[in-house]
Amino acid sequence: MKKIIVTGKGGVGKTTVIATLARLLAREDNKVLVVDCDPSMNLAMTLGVPLSAVMPIAEERANIHEELETSMDDGHEEIEGLIDEIIDDYIIETDDGVKLIVMGTIPYGGSGCLCSSIALLKLLIGYIRSEEHDFVMIDSQAGVEIFGRGLASEFDFSLVVTEPMPKAIEVARHILKLSKDLGVKRQIVIVNKVEDDTDYAGISRQLGCSEVYPVRYDHRVIEADKKGVLILDYVPQAPVVDDVKRIKEEITGV
Ligand SMILES: Nc1ncnc2c1ncn2[C@@H]1O[C@H](COP(=O)(O)OP(=O)(O)OP(=O)(O)O)[C@@H](O)[C@H]1O
Ligand SMILES: [Mg+2]
């Protein structure tokens, strides 16, 4: 089982990339679980799941953090049981076999703090049964909070998505350093929305990362988004899909 975290500045294309990647992997008979950790919960729609079918754990199990604390006191098997139960109860299977879990915003101590959602995520990916999933992919909120609470070392890959814009590149540089320092095994940068005149080599140099992959800008990605479908269904032959396939090959080691 490979665990992958996708991060980057807001709006750079994290959800588009992860949804396309997940579906490409599932088409090749991989068992793929994606976890939406972004409070705005866009991943379901991007995967073609209507919002009415989404069951955010935070809303369905409002006292989840108390359950977690109790199970932690009760030991390993209790946590494993709770995690199994959560996965069984809240997995949504999409048409092409990708499995989805939506975290929602889990309030902690009466506030909307994300800490307990990160704590739950840490348990979820730490205790998930590795034989049941080939890939577990996490779509995170923009920024670096997701690396808090010792979560980073759980991951095999950190996919850092950026646009060819200075602010997004600066965020990517920061995330890359954090994810490296905190122990993610392998860092891959995805420069999304690349155009013909993009100084791609310059971005690679700036980020000091040897594994940098481009995904081309294509207005049809936005058109597809507006229609509520993925580019993969809208224009299956689009070059942008080939770019994501290239990244998939890197992750699967093909
Ligand atoms: N390669 C691309 N070419 C053109 N537009 C793209 C491309 N990739 C993503 N987009 C568009 O960029 C916008 C943001 O994409 P997306 O929602 O995937 O980003 P995000 O990083 O997940 O955003 P957020 O931080 O809000 O979660 C969407 O309108 C999407 O259609
Ligand atoms: Mg997103």
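Quick note: structure is the one above.
It should be emphasised that the depicted structure is a prediction, and the values quoted were computed from it without experimental measurement.

## Some points on the site of ligand 1
Line of reasoning, step 1. Near ligand 1 there are 17 residues, and of these K14, T15, T16, N192 and D225 occur at the shortest range.
Line of reasoning, step 2. Within the side chain of T16, a nitrogen or oxygen atom sits 2.5 Å from an oxygen atom of ligand 1.
Line of reasoning, step 3. A distance of 3.3 Å separates an oxygen atom of ligand 1 from a polar side-chain atom of D38.
Line of reasoning, step 4. Isolated, ligand 1 exposes 630 Å² of accessible area, and the fraction of that covered by the protein chains is 83%.
Line of reasoning, step 5. Those elements that provide at least two residues to the shell around ligand 1 are α1 (14-27), β7 (186-194) and α9 (219-227).

## Overview of the pattern of salt bridges
Line of reasoning, step 1. Taken as a whole, this structure holds 15 salt bridges when the rule is applied.
Line of reasoning, step 2. With a shortest N-O distance of 3.9 Å, D156 and K185 are connected by a salt bridge. Of this pair, D156 sits in the loop between β5 (135-139) and β6 (157-162) while K185 sits in the loop between α7 (166-181) and β7, and the two are 29 residues apart along the sequence.
Line of reasoning, step 3. Of the residues examined, K185 reaches a relative accessible area of 56% and is grouped as exposed.
Line of reasoning, step 4. Its salt-bridge partner being R173, residue E170 comes within 2.7 Å of it at the nearest N-O pair. With E170 and R173 both in helix α7, this residue pair falls three residues apart, about one helical turn.
Line of reasoning, step 5. Owing to a relative accessible area of 41%, E170 belongs among the partly exposed residues under this scheme.
Line of reasoning, step 6. By relative accessible area, which is 39% here, R173 ends up partly exposed.
Line of reasoning, step 7. Residues joined in a network through salt bridges with shared partners are R186, E211, R246 and E250.

## What to know about the nonpolar core
Line of reasoning, step 1. Grouped together as the largest cluster of nonpolar side chains are 44 residues, with contacts concentrated most on V34, L100, M137 and I251.
Line of reasoning, step 2. Ranked by residue count, the leading element in this core is α1, at eight residues.
Line of reasoning, step 3. When near neighbours in sequence (up to four residues on either side) are disregarded, I251 contacts K2, I4, L21, F135, F157, L159 and I188.
Line of reasoning, step 4. Counting residues in each nonpolar core, the second largest holds 43 residues, with V35, I64, I125 and I203 among its members.

## Examining the packing of α7 against helix α8 (residues 200-207)
Line of reasoning, step 1. With their axes 10 Å apart at the nearest point, α7 and α8 run at an angle of 40° to one another. Between α7 and α8, the interaxial angle falls into the category oblique. Note on packing geometry: the crossing formed by α7 with α8 is right-handed. In this structure, α7 uses I169, A172, R173 and L176 to contact α8, whose residues at the interface are I203, Q206 and L207.

## Things to note about the sheet that holds β6
Line of reasoning, step 1. Pairing within the open sheet is mixed, and its eight strands lie in the order β3-β4-β2-β5-β1-β6-β7-β8. Only two strands of the sheet have a single partner each, and these edge strands are β3 (92-93) and β8 (212-216).
Line of reasoning, step 2. Judged from the five bridges that link them, strand β2 (residues 32-36) and β5 form a sheet pairing that is parallel. From the neighbouring strand, V35 faces β5, where its bridge partner is I138.
Line of reasoning, step 3. Packing of α7 onto the sheet brings it into contact with β1 (2-8), β6 and β7, and relative to β6 it is tilted by some 170°.

## Topic: helix α5 (residues 76-90)
Line of reasoning, step 1. If you check α5, its first and last C-alpha atoms are 21 Å apart, about what 15 residues at 1.5 Å a residue would give, namely 21 Å.
Line of reasoning, step 2. Buried residues of α5: I79, L82, I83, I86, I87 and Y90, and no others. Angular distribution of buried residues about the axis of α5 spans 130°; they occupy a single face of the element. Those residues of α5 that are exposed and angled more than 90 degrees off the buried face are E77 and D88.

## What about the pairing of β8?
Consecutive residues of a regular strand have side chains that alternate between opposite faces of the sheet.
Line of reasoning, step 1. Pairing geometry for β7 and β8, over five bridges, is parallel. When the sheet's bridge partners are listed, I190 is paired in β8 with Y213.
Line of reasoning, step 2. In this fold, β7 hands off to α8, which returns the chain to β8; that crossover is right-handed.

## Overview of the side chain of T46
Line of reasoning, step 1. Here T46 is to be found in helix α2 (residues 43-46).
Line of reasoning, step 2. Setting aside anything within four residues of it in sequence, one finds T46 in contact with T15, T16, A19 and L230.

Conventions we followed
Residues numbered from 1 in each chain as written. Chains lettered and ligands numbered in written order. Predicted model: local features only at pLDDT ≥ 70, side-chain atom pairs only at ≥ 80, totals over all residues. Heavy atoms only, no water. Near = heavy atom within 4 Å. Polar contact = N/O pair within 3.5 Å; in protein donor to acceptor, adjacent residues only side chain to side chain. Areas by Shrake-Rupley, 256 points an atom, 1.4 Å probe, with all protein chains shown as cover. Helix = DSSP H or I, 4+ residues; strand = E, 2+ residues; numbered from the N terminus. Salt bridge = Lys/Arg side-chain N within 4 Å of Asp/Glu carboxyl O. Buried < 20%, exposed > 50% of the residue type's maximum accessible area, 1.4 Å probe, protein only. Core = buried A, V, L, I, M, F, W, Y, C linked by side-chain atoms within 4.5 Å. Contact = heavy atoms within 4.5 Å. Axes fitted to C-alpha atoms, helices over the stretch in contact; angles between N-to-C directions. Parallel < 35°, antiparallel > 145°, perpendicular 65-115°, else oblique. Left-handed = near helix turned anticlockwise from the far one by under 90°. Pairing = 2+ DSSP bridges. Expected span 1.5 Å × (residues − 1). Arc of directions from axis to C-beta. Right-handed = clockwise from strand over helix to strand, strands pointing away.

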